[in-house]
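Below, each chain spelled out in residue letters.
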Amino acid sequence: MDVTTCLKSLLLAVQQYRDGRTTQNAAQLQKLVEVMSRECVRGLVELAGNPNTIPTLTSAIVSLLSQLAGDDGGLEVLNSRYNLTSTLASVVHCHSGTPEEPLVLQCLQLLQRLTYNTRVFQSTNYIQELLAFLMAAVQSHSDELLAPCLGLMVNLCRDNRSVQRHIKSLDLMKPFYRALINLLAHNSLTVVVFTLSILASLTLGEKVGEKLFDAQNIHQTFQLVFNIIVNGDGTLTRKYSVDLLVDLLKNPKIAEYLTRYQHFSACVSKVLGLLQSKDPDSAAKVLELLLAMCSVSGLRPLLCEVVFRPAAGRSRRGGGADDGRKAESGLALVQWLSSPVEGAESCTLQALQLLSELLEEALAAGAVSECVLSFVEMALPVLLALLRGAGPPAQGDAHLRKHCHRVAHVTSLLLVLCTEDSTRALVSRQVSAPLGLQQVEVLLSCCHPAGSDNDLGQLCADALLKTLELMSKLRQQVEDMETSFYRLLQDQRIVTPLSLALTSHHRERVQTGLSLLMEATPLPDFPSLVLGESLAANNAYRQREAELSVKRVAVQEVPPPSILDGSSRSVHGLVDRMQSGFQLHDQVKDSHVSQIIDVYEQKLSAFASKESCLQDLLEAKALSLSQADRLIAQYLFERTQAEAEACQLGALLKEAERRREELHGELSGQVQEAELAKADIEELLQHNARLQHDSDQHQSLKGAYNALLNRFTDSERLLKELQASHVSLTKQSDALRRNHEALQLQHERTASGLKEREEEVRSLHSDLQQKSNDITGLHGDLRVEEQKLQLKEGERRDLEETRDALRKELNKTEQARKDASIKASSLELQKMHLEVKLKQKEDELSKHSSMIAMIHSLSSGRAKGGGDLSL
């Protein structure tokens with residue numbers, strides 16, 4: 001319908017809803033509001049794409065569209081329904097001659113948001129022209145457009161082979177590569193990340209990429225990217241840094257380099273520290289990076305070490321702040337499982353998936369460490385609270401989808417924990433049979449049959465079967481779990497999810513369904529016949545879908561409408577004949593009528609099958625015709641745009657000629673005004689020079705004053721430090737003097753004792769000489785006195801030993817006295833030096849004080865300030 005009719009219908013629906021607030025009126029009003037909003041946006045997009053629209057109006061429309069694209073839902077609607085990317089690219093192309101206009105920057109910023117994580121083919125309208133503009137803008141080094149152009153080019157090149165091939169086929173690739181490599185030294189981290197992302201998309205797998213990301217440079221690249229992720233200037237930079245690292249990890253050689261990166265554990269610990277913030281966008285990107293690292297087999301053990309084993313990191317690296325961060329890494333993951341922050345549902349699911357990957361790796365390593373067990377014991381209450389808090393989902397597919405996703409991820413993690421005996425024991429102590437029964441009952445009430453909403457039905461079935469598998473794992477350890485499990489397997493509602501799993505093309509779903517089927521088959525009340533019928537229905541539905549998809553492809557074989565009309569008429573004729581035949585059968589009771597009826601029934605069934613086939617082909621033809629109509633309308637719109645651009649260029653040319661003549665007339669008058677203005681400018685310049693000279697003198701005096709004031713402050717601080725040092729040194733000198741006096745007194749006592757020992761030695765020596773003389777004179781009495789002599793000789797040896805010991809003790813005492821004297825003289829010398837230095841500092845301080853007082857008196861004459869300085 002047109003806009004006028006739509007607006008009238010909307011006003012009528014508003015009035016009807018005011019008169020009667022019924023559900024039907026509300027639904028009708030809501031439908032008309034959606035239609036009106038779509039029409040308004042479609043009109044604005046067409047108006048923005050029209051080259052005849054004035055730039056100010058286009059700018060206002062783009063600003064409004066930017067506000068509509070403020071959330072993910074708005075972005076998806078603008079991308080899927082209105083082809084806004086092509087429209088904005090055409091606007092940029094129309095104004096590519098004047099890139100400094102604010103409209104161009106607006107379009108580039110909105111394009112960057114629209115194309116993030118969205119694949120845009122190079123065959124789309126104006127995309128090739130947009131790529132040429134972006135490459136030219138990057139090489140022109142326009143500071144205002146550089147970051148948006150690089151960010152948009154990152155989005156267009158990422159995981160997009162067609163755009164990459166088109167860019168590589170251009171003639172300007174070498175200058176473009178040189179410009180990108182020069183931008184790696186830019187002072188903006190955002191620009192550096194954008195540049196690395198473009199180079200990674202275009203050069204990985206080629207010689208240029210092998211040189212840029214070789215073994216010598218890749219470690220520096222890792223350090224740079226990790227630093228930007230941790231210390232980046234905003235969420236945008238962190239988001240693109242994570243995307244860059246994820247793209248690099250897709251290369252097996254670079255992933256192998258990262259496993260050998262020596263700072264990997266420290267960097268991952270810092271990245272995990274970002275999870276302690278309350279920003280769901282940053283947390284989602286960090287968890288996305290960690291999940292990408294889990295896809296690399298060599299990195300999974302290192303991640304487990306960071307998250308689960310803080311004690312090991314402490315013993316190897318000596319502990320410190322990093323260990324505290326490691327100890328908090330697992331806690332931050334657990335906190336995001338039940339975060340109350342708005343928009344944190346995706347973070348919760350990512351954290352559950354990450355923990356499943358890490359715990360699977362940790363439990364597969366053999367013996368489970370104490371750190372993993374303590375972590376599981378900490379996380380289990382949160383997981384079960386998350387499962388209990390899910391409750392029955394509210395009305396609406398969105399709430400049901402959220403509930404099924406959460407139950408599926410939580411049960412998957414619990415199933416991973418049930419693969420090992422110690423962790424299964426922990427799970428069995430906290431899981432109860434009523435909890436599993438409640439979750440299965442909720443999911444059974446929400447399961448959809450095949451064909452209604454296949455995606456949502458499959459999601460409900462996955463969550464339900466995983467819950468049943470968990471109950472099967474714990475049926476021997478949890479009380480009443482086995483009874484509840486077998487009772488649920490005999491419920492007829494289990495047929496739908498079980499048949500979906502058995503007919504699925506996913507191996508894990510089929511294996512889960514088969515394991516549950518083996519458990520359920522021996523049960524007496526298991527609905528095996530209903531399951532067989534459901535399996536047959538699912539297979540027929542899939543076969544029907546396959547046939548329809550094949551028929552839609554064969555559009556060229558659709559017969560003309562006349563054949564369909566004739567077939568329809570023949571079928572209606574057969575029906576009339578059948579009715580008349582039945583009447584004849586009632587009246588005449590002819591025996592041949594039954595045979596005729598059988599023939600007509602066969603023909604009727606054949607014609608009905610042909611009619612259904614032709615109807616399907618007609619629908620496919622109608623779909624292709626509608627697509628052709630859209631392409632024709634798009635072509636007409638583009639041709640209209642081209643004609644309007646040509647008319648606009650002609651009008652601009654005429655306007656430029658007229659404006660040139662007017663400006664030539666104005667130029668002569670402005671030349672005279674310029675001469676007068678030149679004289680005025682010279683006079684003003686001279687006056688300005690004088691003022692500048694005065695200002696420079698004032699600044700120099702002010703600088704000198706500030707410098708002297710700083711020196712005075714430093715000198716005063718230094719004086720206080722020296723005074724404190726002097727007091728401490730004085731105390732040390734007194735202590736050393738007392739020690740010296742005590743040592744000197746001890747030395748005197750030792751000397752007097754030594755003299756006494758020497759006197760004794762001399763007296764003994766004289767006695768010894770006397771005895772020797774007596775021995776020489778008494779040769780006759782030698783044999784008689786031999787024993788006495790031996791005794792004396794022994795006493796002499798004892799006395800000599802005593803003398804030697806006393807001499808050694810005397811030497812030691814003398815050496816100690818010399819050392820004490822040297823140390824005392826050294827301390828006295830240090831004291832004299834410090835006193836001299838202190839006196840010099842006091843003289844210098846007095847000089848500075850006098851200079852400062854003089855400056856104050858000359859500059860401002862502040863008596864109070866001068867008095868403080870003199871003090």
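First, a word on scope: everything that follows refers to the structure included in this document. Because the structure is a prediction, the values reported are computed rather than measured.

## Side note on the pattern of salt bridges
Step number 1: One pass over the structure, following the stated rule, counts 29 salt bridges.
Step number 2: Residues R493 and D491 are paired through a salt bridge, measuring 2.8 Å at the closest nitrogen-oxygen approach.
Step number 3: Note on R493: relative accessible area 37%, which makes it partly exposed.
Step number 4: Among the ionic pairs, R796 bridges to E793, the shortest N-O distance being 2.1 Å. One end of the pair is R796 and the other is E793, both in helix α33 (residues 786–859) and three residues apart, which spans about a single turn.
Step number 5: For E793, a relative accessible area of 27% gives the class partly exposed.
Step number 6: Several salt bridges converge on common partners, so that one network encompasses R158, D159, D243, D247, K250, K285 and E288.

## Quick word on the nonpolar core
Step number 1: Counting 176 residues, the largest nonpolar core has L108, L130, M293 and L468 as its most contacted members.
Step number 2: What L468 contacts, discounting residues up to four positions off in sequence, is V440, F485, L488, I494 and L516.
Step number 3: With seven residues, the next largest nonpolar core counts C6, L29, L32 and M36 among its residues.

## As for the packing of helix α7 (residues 127–140) against helix α10 (residues 173–183)
Step number 1: Running from amino to carboxyl end, α7 crosses α10 at an angle of 50°, the nearest separation of the two axes being 9 Å. On the basis of their axis angle, the class for α7 and α10 is oblique. Of the two possible hands of crossing, α7 and α10 adopt the one that is left-handed. Contact residues: α7 offers M135, V138 and Q139, while α10 offers M173, P175, F176, A179, L180 and L183.
Step number 2: Class assignment of the residues belonging to the contact of α7 with α10 gives a composition of eight nonpolar, one polar and no charged.

## Some thoughts on the packing of helix α5 (residues 84–94) against helix α6 (residues 102–114)
Axis angle and axis distance: for two packed helices, these are the angle between their axes and the distance between the axes, and together they describe the pair.
Step number 1: Two numbers describe how α5 lies on α6: the axes approach to 9 Å, and their chain directions differ by 155°. Classed by the angle they form, the pair α5 and α6 counts as roughly antiparallel. In the packing of α5 onto α6, the handedness of the crossing is left-handed. Touching L84, T85, L88, A89, V91 and V92 of α5 are L103, C107, L108, L110, L111 and L114, all from α6.
Step number 2: The class makeup of the residues in the contact of α5 with α6 is 11 nonpolar, one polar and no charged.

What counts as what
Residues numbered from 1 in each chain as written. Predicted model: local features only at pLDDT ≥ 70, side-chain atom pairs only at ≥ 80, totals over all residues. Heavy atoms only, no water. Salt bridge = Lys/Arg side-chain N within 4 Å of Asp/Glu carboxyl O. Buried < 20%, exposed > 50% of the residue type's maximum accessible area, 1.4 Å probe, protein only. Helix = DSSP H or I, 4+ residues; strand = E, 2+ residues; numbered from the N terminus. Core = buried A, V, L, I, M, F, W, Y, C linked by side-chain atoms within 4.5 Å. Contact = heavy atoms within 4.5 Å. Axes fitted to C-alpha atoms, helices over the stretch in contact; angles between N-to-C directions. Parallel < 35°, antiparallel > 145°, perpendicular 65-115°, else oblique. Left-handed = near helix turned anticlockwise from the far one by under 90°. Nonpolar A, V, L, I, M, F, W, Y, C, P; charged D, E, K, R; others polar.

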